[in-house]
Amino acid sequence: SPAGNYRWKVAAVISGSFLFSAMDLNSALVALPTIAGEYGVDLPTVQWVVLVSFLTMNALLLPLGRMSDLAGRKRLLLIGLVVTGVGGILSFLAPTLPWLYAARAVQGVGAAGLQAVGPPLLVAAFPANERGKAMGVNVTMVSVGLMLGPVLGGLIAGSIGWRYIFLLPVPVALLAAFSGGRVLRETPK
């Protein structure tokens, strides 16, 4: 049915976005020693490359959730995806460690936009009796992303260099933003 197709398209966009977001947030873990060596710092200093993304995302979840109530969830999701992609490009280009921290904070802002509005968009698309299934699919994608992140990060860092880890989410973010722009409907404010 058209309604059934719509809700599973929403699930594909949201769950795919959560998959790449989870991969992005922890794929740099395996490259931290290499990054530390390049910038000439110790491991506790470079661990902020990962922590700044998590802290930024968690600090902004509630404010961006409220902003989505005012500006629209679809809009905030699409902006979050684009901001995440821009943060990935800035991370790739980072000439200094403070630049990399700032770029990862940008990625955290984008991830917060995604995390704040993804579940409400899923809930709005599914009837009450199917919401558990939709959220289960979404949580599964997050788990898969958390497992794949270090694996892909290690493969990428070991073959073409650690900087390319940060480009991994860029094409996925752009594809998700394009798909989301076409598929998602704005929810009532």
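Here's a quick rundown of the structure. For every chain, the first residue of the written sequence is number 1, and numbering continues from 1 onward in sequence order. Only residues with pLDDT of 70 or above have their local features reported here, since the model is predicted, and side-chain atom pairs are shown and tallied only from 80 upward, although totals for entire chains, interfaces and linings are computed over all residues. Note that the side-chain values use all heavy atoms of the structure and ignore hydrogens as well as water.

This part is about a nonpolar patch on the surface. A patch is a set of surface residues, each over 30% in relative accessible area and not in a salt bridge, joined within 9 Å for like charges and within 5 Å for the nonpolar side chains Val, Leu, Ile, Met, Phe, Trp and Tyr. Only the protein chains shown count as covering a residue, and every accessible area follows the Shrake-Rupley method with a 1.4 Å probe. Any carboxyl oxygen of Asp or Glu within 4 Å of a side-chain nitrogen of Lys or Arg constitutes a salt bridge here. A surface patch of nonpolar side chains, amounting to about 280 Å² of accessible area, comprises Trp48, Leu51 and Leu55. Helix and strand assignments follow DSSP, with helices taken as H or I runs no shorter than four residues and strands as E runs no shorter than two, numbered in order from the N terminus. Tracing the sequence through the fold places Trp48 in helix 4 (residues 48-71). On the accessibility criterion, Trp48 (39% relative accessible area) is partly exposed. Per-residue accessibility, obtained with a 1.4 Å probe over protein chains only, is compared with the maximum for each type, and a residue is labelled buried under 20%, exposed over 50%, and partly exposed between these values.

Turning next to the nonpolar core. Think of a nonpolar core as a cluster: buried Ala, Val, Leu, Ile, Met, Phe, Trp, Tyr and Cys residues, connected wherever their side-chain atoms sit within 4.5 Å. Residues Val10, Ile14, Leu77 and Leu122 are the most contacted members of the largest nonpolar core, which totals 27 residues. Note on contacts: a residue pair qualifies if any of its non-hydrogen atoms lie within 4.5 Å across the two residues. Once you skip the residues sitting within four places of it in the chain, Val10 turns out to touch Leu121, Leu122, Ala125, Val183 and Leu184.

Another point: helix 6 (residues 97-125). Expected span of a helix: the number of residues minus one, times 1.5 Å. The end-to-end C-alpha distance of helix 6, which contains 29 residues, comes to 41 Å, matching closely the 42 Å that a straight helix rising 1.5 Å per residue would cover. Maximal helix bending in helix 6 amounts to about 30 degrees, located at Val117; proline Pro119 follows within four positions. To get the bend at any residue, fit one axis to the seven residues that end at it and another to the seven that begin at it, then take the angle between the two axes.

In this section: helix 2 (residues 32-39). Turning to helix 2, its buried residues are Leu32, Ile35, Ala36 and Tyr39. Summarising the axial view, the buried residues of helix 2 lie within an arc of 100 degrees, below the 170-degree limit, and thus occupy one face. Pointing more than 90 degrees away from the buried face of helix 2 are the exposed residues Pro33 and Gly37. On its buried face, helix 2 is in contact with helix 3 (43-46), helix 4 and helix 6. Gly40 sits one or two positions beyond helix 2 and adopts a positive phi of about 70 degrees. Each direction from the helix axis to a C-beta atom contributes to the arc, which is the arc of those directions.

This brings us to the packing of helix 5 (residues 73-93) against helix 8 (residues 169-183). Interaxial angle, 0 to 180 degrees, is taken between N-to-C directions of lines fitted to C-alpha atoms, where a helix line uses only the stretch in contact. Interaxial distance between helix 5 and helix 8 falls to 8 Å at its minimum, and their mutual angle equals 160 degrees. One way to sum up the angle between helix 5 and helix 8 is to call them roughly antiparallel. For the element pair helix 5 and helix 8, the recorded crossing hand is left-handed. Each of Lys74, Leu78, Leu81, Val82, Gly85, Gly88 and Ile89 in helix 5 lies in contact with helix 8, whose residues at this interface are Val170, Ala173, Ala176, Ala177, Gly180 and Gly181. Each angle receives one of four descriptions, namely roughly parallel if under 35 degrees, roughly antiparallel if over 145, roughly perpendicular if within 65 to 115, and oblique otherwise. Rotating anticlockwise by less than a right angle from the far helix to the near helix defines a left-handed crossing, while the corresponding clockwise rotation defines a right-handed one.

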